[in-house]
Amino acid sequence: MNYYLVAVLTLVGYFLYKYYIYPLYLSPLCKIPGPPIENFILGNSTSILSDNQGEVYVNLKKQYGGMVRYHLLLNEPNILISDPKLVQQILVTRSYDYPKHFPNKVSAKQLLGEGIFFAHGDVHKRQRKMMNPSFAIANVKEMMPTFVQGANQLKDLWTNQIGNKKEERITITNLVQKITLDIIGLVGFNYEFNSTTTDSELSRAYNSVFASSSSFIFLGLVEYFPFLRKISTPQNNKYWNSINTIYNAADNLIAEQKNSLIRGKDLLSLLVKSNENLPADEQLTHNELRSQVMTLLLAGHETTSTVLSWTLYYLAKNPDVQDQLRKEILNVFISPNHIPSFEELDQLKFLECVFKEALRITPPSPLITRYNLKDEIMNGYVIPKNTPLIIPSYAIHHDPLIWGEDVESFNPSRWLDPNIKSKISNSNFIPFSAGPRSCLGMRMAHLELKTFLTIIIRNLKFGLVDDFTFKKRTIGLCKPVPGMDLLVSKVDL
Ligand code: HEM
């Protein structure tokens, strides 16, 4: 008997069973409808992880309904869930039965550490309780002067770029990302990144981490074989240098806070203060604190810069909407240098509609990903524990039964339609997710983005560039790649 042959055949048989026969023919999940696999090893990855992921999920939902099965690398089954009752159960009513699922856990942990984003159950409750007060509305209102300063800086830099010309083609995504990083530096850590005037190491580090995450096959393989990231290649070396830059920046920010005699009102000061007041066994460890800083750095600027860029794009594409918004702003902000107050922003009802419509049509997180801790039955189907459950925010935001037949158009007025308003709930409008794990920075993002839009649209006009093309790509967030070029001109009023 050739033992080697038996060993090889057993191994091949095991892999064949585990990664092909079981997930595709024997698992109880096979009863859930879904598309046929396209590749023996990649499952449906090629089409699912294509450039325009949002559209892919819209089509799956349309074709197969509120629960859809598809397969990723090595035929791992994922269940797409858009049924509103299940969305509510997973995000809100039984949130702690469904921890976060990270398709690229290894890479995500390297970028964010073991902070609130990854925490689950009691650890999450403890961290959330500690971080909540920093994001209370009274604190967020204190951030307003920094938002105004950032928005004015952006307006001035673009105005200078236009100079005496009628209009200028500007890659808006470049400066938007830098200014939002400066803002989270100030309101988050009382720290000046000055990324618009200096070549910010941190902003370069983020760009290079995202650029090196572009191949889904490589990212998928890293999950199974983490050593692939450790091999010394120019791409991996650049990746690790960038991760170290982010770690060092977080450590320096914490050290400055701990050494400072005066506690400011920035998010980290408030966090360090509430941490110091807790009994020793409840306090955040240094690693946890560093992870929160890394989480806030990333969550605090990548999301807002993405939403601002998309909103300016949709306003450029819909000049009538842009005019209507500017008219509303001009009613309140007569002078170009008017400093908006919190109460004045609150009066701008169309601005609120524009903001919500931008979040509806392109939510920066097009997917919210979870898994189930226990075996359970959902809509009559058996879902074994540890099954990835994927909530497609983008596809839910593009359901014509809720949003109307013009669902693909950017139409802020739909938010004033009583018929549509009556259908909106926290199961079908979820740009910030919902329930106990919803976005901690939601209020801050609202105020920051509204301040920016008011000052920018008051003073500048945006139009599309005829020959410019981009792709909507989802690497963590849904972004325009290679960036967004728009025609920008001054408003002479
Ligand atoms: C328009 C801007 C933003 C959008 C669309 C957004 C969206 C989201 C979403 C969808 C989640 C839930 C992710 C999940 O459950 O898998 C989330 C969580 C989170 N966001 Fe945001 N976010 C934005 C801005 C911010 C800002 C400005 C901050 C902080 C400075 C922030 C901090 C967080 C944190 C800490 C969590 C984790 C909360 C937890 O797990 O308890 N976000 N965000």
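Since the model is a prediction, treat every value here as computed from it, not as a measurement.

Novice: What is the right way to read the coordination of the iron atom of the ligand from this model?
Specialist: Ideal geometry at a metal centre: 109.5 degrees between donors when four sit tetrahedrally, and 90 or 180 degrees when six sit octahedrally. Protein coordination of the iron atom of the ligand is limited to a single donor, C439 (SG), positioned at 2.3 Å. Residue placement: C439 occurs in the loop between α20 (418–421) and α21 (442–459).

Novice: How should I be thinking about the sheet that holds strand β1 (residues 67–71) in this particular structure?
Specialist: Backbone-to-backbone hydrogen bonds join strands into a sheet, with any given pair of strands oriented parallel or antiparallel. The mixed open sheet is built from four strands, whose spatial order is β1-β2-β7-β4. In the strand order of this sheet, the two ends are held by β1 and β4 (368–371), each with one partner. When strand polarity is set aside, the average angle formed by the axes of neighbouring strands in this sheet is 30 degrees. Across five bridges, β1 lies against strand β2 (residues 77–81) in antiparallel orientation. Across the sheet, residue R69 finds its bridge partner in β2, namely I79.

Novice: What should I look at first to understand the nonpolar core in this one?
Specialist: Looking at soluble globular proteins, one finds that nonpolar side chains tend to be buried together. Core analysis: the largest hydrophobic core is formed by 99 residues, its most contacted members being L154, W158, L297, L312, M444 and F462. Ranked by residue count, the leading element in this core is helix α14 (residues 286–317), at 14 residues. The residues contacting L154, other than those within four sequence positions of it, are L175, V176, I179, L308, F452 and I456. In this structure, L29, I79, I81 and L91 belong to the second largest nonpolar core, which totals 18 residues.

Novice: Where do I start with the site of the ligand in this structure?
Specialist: Near the ligand lie 25 residues; those nearest to it are H124, R128, R370, R437 and C439. Within the contact set of the ligand, an oxygen atom lies 2.6 Å away from a side-chain nitrogen or oxygen of H124. R128 is positioned with one of its side-chain polar atoms (N or O) 2.7 Å from an oxygen atom of the ligand. Listed by contribution, the elements that provide at least two residues to the shell around the ligand are α6 (121–131), α14 and α21. Per-element accounting of the shell around the ligand gives the leading share, four residues, to α14.

Novice: Would you take a moment to explain the sheet that holds strand β11 (residues 485–490) for this structure?
Specialist: Strand order across the open sheet formed by three strands is β3-β11-β8, with antiparallel pairing between neighbours. Either end of the sheet is taken by a strand with one partner, and the two such strands are β3 (168–171) and β8 (460–464). Averaged over all pairs of adjacent strands, the angle between their axes in this sheet comes to 40 degrees, without regard to strand direction. Pairing of β3 with β11, which is carried by four bridges, proceeds in the antiparallel orientation. Looking at β11, one finds that T171 is bridged to D485. On top of the sheet, α21 reaches β8 and β11; it is set at about 85 degrees to β8, its chief contact.

Novice: Would you mind showing me how to read the packing of aromatic side chains here?
Specialist: The way to describe two aromatic rings as a pair is by their centre distance and the angle between their planes. Taken as a whole and judged by the stated rule, the model has 21 aromatic pairs. Between F15 and Y19, the ring centres sit 5.7 Å apart and the planes meet at 20 degrees, which makes this aromatic pair stacked. A residue pair is termed a helical-turn pair when its members lie 3 or 4 positions apart in one helix, as F15 and Y19 do in helix α1 (residues 3–26) at four residues. Measuring from ring centre to ring centre gives 5.4 Å for W403 and W415, while their planes differ by 50 degrees; the resulting arrangement is tilted. Taken as a pair, W403 in helix α19 (residues 400–403) and W415 in the loop between α19 and α20 lie far apart in primary sequence, 12 residues in all. W415 matches W403 in its accessibility class, with the two residues each being buried. Grouped by ring-pair contacts, the aromatic residues W310, Y313, Y314, F410, F468 and F470 constitute a single cluster. We note R229 situated over the ring of Y239; from NZ or CZ to the ring centre the distance is 3.6 Å.

Novice: Honestly, α21 in this entry has me stumped. Any pointers?
Specialist: Given 3.6 residues per turn, any residue in an α-helix points the same way as the ones three and four places further on. The end-to-end C-alpha separation of α21 is 26 Å, in line with the 26 Å expected for 18 residues at 1.5 Å each. The element α21 is largely enclosed, with a buried count of 15 among its 18 residues.

Novice: What is the right way to read the domain arrangement of the protein chain from this model?
Specialist: Many descriptions give the size of an interface as the accessible area lost when the pieces come together. As assigned here, the protein chain comprises domain 1 (1–98 + 367–403) and domain 2 (113–365 + 431–490). For domain 1 and domain 2, the distance between their C-alpha centres works out to 31 Å. At the junction of the two partners, domain 1 supplies 24 residues and domain 2 supplies 25 residues. Buried surface at the junction of domain 1 and domain 2, summed over both partners, amounts to about 2,100 Å²; 62% is from carbon and sulfur atoms. Between domain 1 and domain 2 we count zero salt bridges in total. Linking domain 1 with domain 2 are eight residue pairs in polar contact (both at pLDDT 80 or more), by the criterion used here. Elements with a contribution of two residues or more to the side of domain 1 that touches domain 2: α2 (45–48), α4 (84–93), β4 and α18 (393–396).

Novice: Sorry, what's going on with the confidence of the model for the protein chain here?
Specialist: Do not read the fine detail of predicted coordinates wherever pLDDT is low. Averaged over the protein chain, the pLDDT score is 91; the fraction of residues at 70 or greater is 98%. For this predicted complex, the interface confidence comes out at an ipTM of 0.99, alongside a pTM of 0.92.

Novice: What is the right way to read the pattern of salt bridges from this model?
Specialist: Any two side chains of opposite charge can pair, on the condition that their charged atoms come close. Scanning the entire structure with this criterion turns up 19 salt bridges. Between K450 and E352 there is a salt bridge, with the nearest N and O atoms lying 2.3 Å from each other. Remark: E352 occurs in helix α17 (residues 349–361) and K450 occurs in helix α21; sequence separation between them is 98 residues. Salt bridges sharing common partners tie together E357, R360, D406 and R414.

Novice: What is the right way to look at a nonpolar patch on the surface in this model?
Specialist: A cluster of nonpolar side chains, contributed by L16, Y17, I21, Y22, Y25, L26, F40 and I41, occupies part of the molecular surface with about 770 Å² of accessible area. Here L26 shows up in helix α1.

Novice: I would appreciate a short explanation of the pairing of β2 in the present structure.
Specialist: Look at any regular strand and the pattern is simple: side chains alternate between the two faces of the sheet. For β2, the tally of buried residues reaches five of five residues, placing the bulk of the element in the interior. Of the two faces of β2, the one holding P77, I79 and I81 and the one holding N78 and L80 are both buried throughout. Bridge count for β2 against strand β7 (residues 388–391) is two bridges, and the pairing is parallel. Bridge assignment links I79 to a residue of β7, and that residue is L389.

How each quantity is defined
Residues numbered from 1 in each chain as written. Predicted model: local features only at pLDDT ≥ 70, side-chain atom pairs only at ≥ 80, totals over all residues. Heavy atoms only, no water. Donors = N, O, S within 2.8 Å, 3.2 Å for Na, K, Ca; no water. Helix = DSSP H or I, 4+ residues; strand = E, 2+ residues; numbered from the N terminus. Pairing = 2+ DSSP bridges. Axes fitted to C-alpha atoms, helices over the stretch in contact; angles between N-to-C directions. Core = buried A, V, L, I, M, F, W, Y, C linked by side-chain atoms within 4.5 Å. Buried < 20%, exposed > 50% of the residue type's maximum accessible area, 1.4 Å probe, protein only. Contact = heavy atoms within 4.5 Å. Near = heavy atom within 4 Å. Polar contact = N/O pair within 3.5 Å; in protein donor to acceptor, adjacent residues only side chain to side chain. Phe/Tyr/Trp six-rings, centres within 6.5 Å; stacked < 30°, edge-to-face > 60°. Lys NZ or Arg CZ within 6 Å of the ring centre and 35° of its normal. Expected span 1.5 Å × (residues − 1). Domains from an automatic or database assignment. Buried area = accessible area lost by both parts, 1.4 Å probe. Salt bridge = Lys/Arg side-chain N within 4 Å of Asp/Glu carboxyl O. pLDDT = per-residue confidence, 0-100. Patch = residues over 30% accessible without salt bridge, like charges linked within 9 Å, V, L, I, M, F, W, Y side chains within 5 Å. Areas by Shrake-Rupley, 256 points an atom, 1.4 Å probe, with all protein chains shown as cover.

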